[in-house]
Protein chains: 2
Amino acid sequence: MVRISNGRSKASGSRRAERTRRAILQAAAAAFREHGYAGAGMREIAEKAELSPANLYYYFGGKDEILFYCQDHSLDRLLAAADEAAVSGEPPAAQIGRVIRAHLRCVLDELDGASAHLEVDALPAPLRRRVVAKRDRYERAVRALVAAGVDAGSFAGRDPILVTRAILGALNSTVRWFRPGGAVSAARLADEYADFLVRGLLA
Amino acid sequence: MVRISNGRSKASGSRRAERTRRAILQAAAAAFREHGYAGAGMREIAEKAELSPANLYYYFGGKDEILFYCQDHSLDRLLAAADEAAVSGEPPAAQIGRVIRAHLRCVLDELDGASAHLEVDALPAPLRRRVVAKRDRYERAVRALVAAGVDAGSFAGRDPILVTRAILGALNSTVRWFRPGGAVSAARLADEYADFLVRGLLA
DNA sequence: TATGGTTTTGAACCATGGTTCGAATTTCGA
DNA sequence: TCGAAATTCGAACCATGGTTCAAAACCATA
């Protein structure tokens, strides 16, 4: 494990290679969400991506590196959404609502975003550090929005750290039971969650 | 796997046997929380329980059966707390607050309660059915309290199913980051979470 | 102390699964 | 079309980890 040295492993050039890279990450994310990191096998990931198990090692250094890129990619999405909300100029409640909806969209609609925060401990130390650092950056960004609302007086004076973790915990746990095509749509879920959680913040 | 036939496996008699049974469950729960079900090894569980790996099979049929009893035990605790709140005669908001605090106490204070809801899919079908049934019973109990508040007009008219899942998701996710002896105590966490989540319910 | 049941264990078994390797196949510019 | 680079794969390697087994150690009772 941990045979990654530079940022990109080999084979980052061609257009086609980049496509199969994406396909692998998507297949892996689906497998991770179904059986967890340790439970999902390379053979299963290969089958979902429609190529041989050995071929995975042409694109990635190993199983852990696949998990790393899954998490890293979805964290980039989340961070972008949080930054976008922060500069929107809307009132704090609307900003948080934006972030909640964007977060759920990332986690539920896009297949490869589910394993963003789950199973960080499965990564070897150097990769884990990078993911944890990025995840903390996202958590701080959300927390800053909460704290801004508290300072402005529109939110109740609760601990922003705890409230932020409660919100993120509620959001991330949706991947455990939500299934596309089920009784509730992702859009309705996002609306209800946003209303409920934002209401909890208000003074 | 699934070599369990009757409710109790062998060796349920002596007082001492029952003690080591508990010790094994506690050690296993700690290991599961640390590395997940698939990630935690029987040798690690044995070491934490201070006995040999082979000895585990004198008390339990296998790894999956250990997970089953972990989940079953903590679900009993949660159900008892929910029932207790339901018959308290307090207003809905106070009842939900009670359940939230009890839930966090179960999940954070008692070491063997952490893996209650996580990793249900790891169980073989027959055991999984039993755990899922009990877990659903608990979720319905909490949902009934929420629905009662909505009907009484003290809660906003949101979907009780989604709101309940949001609450339980926030509560269960605490085991991912909470560590006893850390910056925040379990009691303060419970108070903040209860205030925040109950406030989200109010009309 | 002798005896039968309970409890514990070291060692090995065996399936699973991540990984490697060398060759075959495909791709693509010259 | 030719040949080098990129891509794919079957097969095997090997460590890990759940599990089994027969024998030893323990413990209560007669």
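Residues numbered from 1 in each chain as written. Chains lettered and ligands numbered in written order. Predicted model: local features only at pLDDT ≥ 70, side-chain atom pairs only at ≥ 80, totals over all residues. Heavy atoms only, no water.

Asker: Could you give an account of the protein's contact with DNA strand C, naming the residues involved and the relevant values?
Answerer: Not every one of the 20 residues close to DNA strand C is listed here, only the nearest: Met42(A), Tyr57(A), Ala54(B), Tyr58(B) and Tyr59(B). Sugar and phosphate atoms constitute 58% of the interface atoms of DNA strand C, taking the interface as everything within 4 Å of the protein. For DNA strand C, a phosphate oxygen lies 2.5 Å from a polar atom in the backbone of Met42(A). Every element with two or more residues in the surface near DNA strand C is listed here: helix H2 (42-49) and helix H3 (53-59) of chain A together with helix H1 (15-39) and helix H3 (56-59) of chain B. Taken together, the residues of the surface near DNA strand C break down into 9 nonpolar, 5 polar and 6 charged. (Near = heavy atom within 4 Å. Polar contact = N/O pair within 3.5 Å; in protein donor to acceptor, adjacent residues only side chain to side chain. Helix = DSSP H or I, 4+ residues; strand = E, 2+ residues; numbered from the N terminus. Nonpolar A, V, L, I, M, F, W, Y, C, P; charged D, E, K, R; others polar.)

Asker: Residue-level account of the protein's contact with DNA strand D, with values.
Answerer: DNA strand D sits among 20 residues. The nearest are Ala54(A), Tyr58(A), Tyr59(A), Met42(B) and Tyr57(B). Among atoms of DNA strand D positioned within 4 Å of the protein, sugar and phosphate together represent 56%. Separating a phosphate oxygen of DNA strand D from a backbone N or O atom of Ser52(A) is a distance of 2.8 Å. Residue Asn55(A) places a side-chain N or O atom 3.0 Å away from a sugar or linking oxygen belonging to DNA strand D. When residues of the surface near DNA strand D are traced back to their parent elements, those giving at least two are helix H1 (15-39) and H3 of chain A together with helix H2 (42-48) of chain B.

Asker: Give a detailed account of empty space enclosed by the protein, specifying residues and quantitative values.
Answerer: Residues and elements named next belong to chain A. Evaluation of the coordinates by the stated rule reveals 3 cavities of 30 Å³ or more. Volume-wise, the largest cavity comes out at about 40 Å³. Residue assignment for the lining of the largest cavity shows that the elements contributing at least two residues are helix H5 (92-109) and helix H7 (160-172). Residues of the lining of the largest cavity, tallied by class, amount to 7 nonpolar, no polar and no charged. (1 Å grid on protein atoms, 1.4 Å probe; cavity = no way out; pocket = protein on both sides within 12 Å on 5 of 7 lines; lining within 4 Å. Points joined across faces, edges and corners; volume = space filled by probe spheres on them.)

Asker: Break down the pattern of salt bridges for me, citing the residues and quoting the values.
Answerer: Residues and elements named next belong to chain A. Taken as a whole, this structure holds 20 salt bridges over all chains when the rule is applied. Lys48 is the partner of Glu34 in a salt bridge, and the nearest nitrogen-oxygen pair spans 2.5 Å. With Glu34 in helix H1 and Lys48 in helix H2, this residue pair connects regions lying 14 residues apart in the sequence. Classification of Glu34 by relative accessible area gives partly exposed; the value is 41%. (Salt bridge = Lys/Arg side-chain N within 4 Å of Asp/Glu carboxyl O. Buried < 20%, exposed > 50% of the residue type's maximum accessible area, 1.4 Å probe, protein only.)

Asker: Explain the relation of the copies chain B and chain A to me, and be specific about the residues and the numbers.
Answerer: Mapping chain B onto chain A calls for a rotation angle of 180 degrees and an axial translation of 0.0 Å; the resulting RMSD is 0.1 Å. In the structure described here, the two chain copies are related by an operation that fits a two-fold rotation axis. When C-alpha distances to the rotation axis are compared across chain B, the minimum falls at Gly200(B), with a value of 1.8 Å. Counting the interface residues of chain B, we find that 100% of their copies in chain A are interface residues as well, pointing to one common contact surface. (Least-squares fit on C-alpha atoms with pLDDT ≥ 70 in both. Contact = heavy atoms within 4.5 Å.)

Asker: Residue-level account of the environment of Arg143(B), with values.
Answerer: Residue and element names in this part refer to chain B. Inspection of the secondary structure puts Arg143 in helix H6 (residues 125-152). On a C-alpha basis, the gap between Arg143 and Thr164 in space is 5.7 Å, while along the polypeptide they are 21 residues apart. Non-local contacts of Arg143, meaning those with residues more than four positions away in its chain, are made with Pro160, Ile161 and Thr164.

Asker: With reference to specific residues and values, describe unusual backbone geometry.
Answerer: With glycine set apart, most residues show a phi of negative sign, and most peptide bonds adopt trans. Residue and element names in this part refer to chain A. At Glu50, a position not held by glycine, the phi torsion is positive, near 60 degrees. Note on placement: Glu50 falls in the loop between H2 and H3. Residue Glu50 is classed as exposed on the basis of its relative accessible area of 72%.

Asker: Break down the interface of chain B and chain A for me, citing the residues and quoting the values.
Answerer: Between chain B and chain A, the contact holds 30 residues from the first and 30 residues from the second. Summed over both partners, the interface of chain B with chain A comes to about 2500 Å²; 64% of that surface belongs to carbon and sulfur atoms. The tally of links between chain B and chain A comes to 2 salt bridges. Notably, a salt bridge pairs Arg188(B) with Asp159(A), separated by 3.1 Å at the nearest N-O pair. The tally of links between chain B and chain A comes to 10 residue pairs in polar contact (both at pLDDT 80 or more). Going through the elements one at a time, H1, helix H7 (160-172) and helix H8 (186-201) of chain B are the ones with two or more residues in the side of chain B that touches chain A. It is H8(B) that contributes the most residues to the side of chain B that touches chain A, 10 residues altogether. (Buried area = accessible area lost by both parts, 1.4 Å probe.)

Asker: Tell me what's going on with the packing of aromatic side chains, and back it up with residues and numbers.
Answerer: One pass over the full model with this rule turns up 10 aromatic pairs over all chains. Considering the side-chain rings of Phe68(A) and Tyr69(A), the 5.2 Å spacing of their centres and the 70 degrees angle between planes classify their relative orientation as edge-to-face. Overall, the relative accessible area of 9% leaves Tyr69(A) in the buried class. For the pair Tyr58(B) and Tyr59(B), a centre-to-centre distance of 5.2 Å together with 90 degrees between the ring planes defines the contact as edge-to-face. Overall, Tyr59(B) belongs to the buried group, its relative accessible area being 11%. Pairwise contacts between aromatic rings join Phe60(A), Phe68(A) and Tyr69(A) into one cluster. (Phe/Tyr/Trp six-rings, centres within 6.5 Å; stacked < 30°, edge-to-face > 60°.)

Asker: Could you give an account of a negative patch on the surface, with specific residues and numbers?
Answerer: Taken together, the side chains of Glu119(A), Asp121(A), Glu119(B) and Asp121(B) define an acidic patch exposed on the protein surface. For Asp121(B), the position within the fold is in the loop between helix H5 (92-109) and H6. Take Asp121(B): its relative accessible area is 57%, and that puts it in the exposed class. (Patch = residues over 30% accessible without salt bridge, like charges linked within 9 Å, V, L, I, M, F, W, Y side chains within 5 Å. Areas by Shrake-Rupley, 256 points an atom, 1.4 Å probe, with all protein chains shown as cover. Lys, Arg positive; Asp, Glu negative; His and termini not counted. Charge placed at Lys NZ, Arg CZ, Asp CG, Glu CD.)

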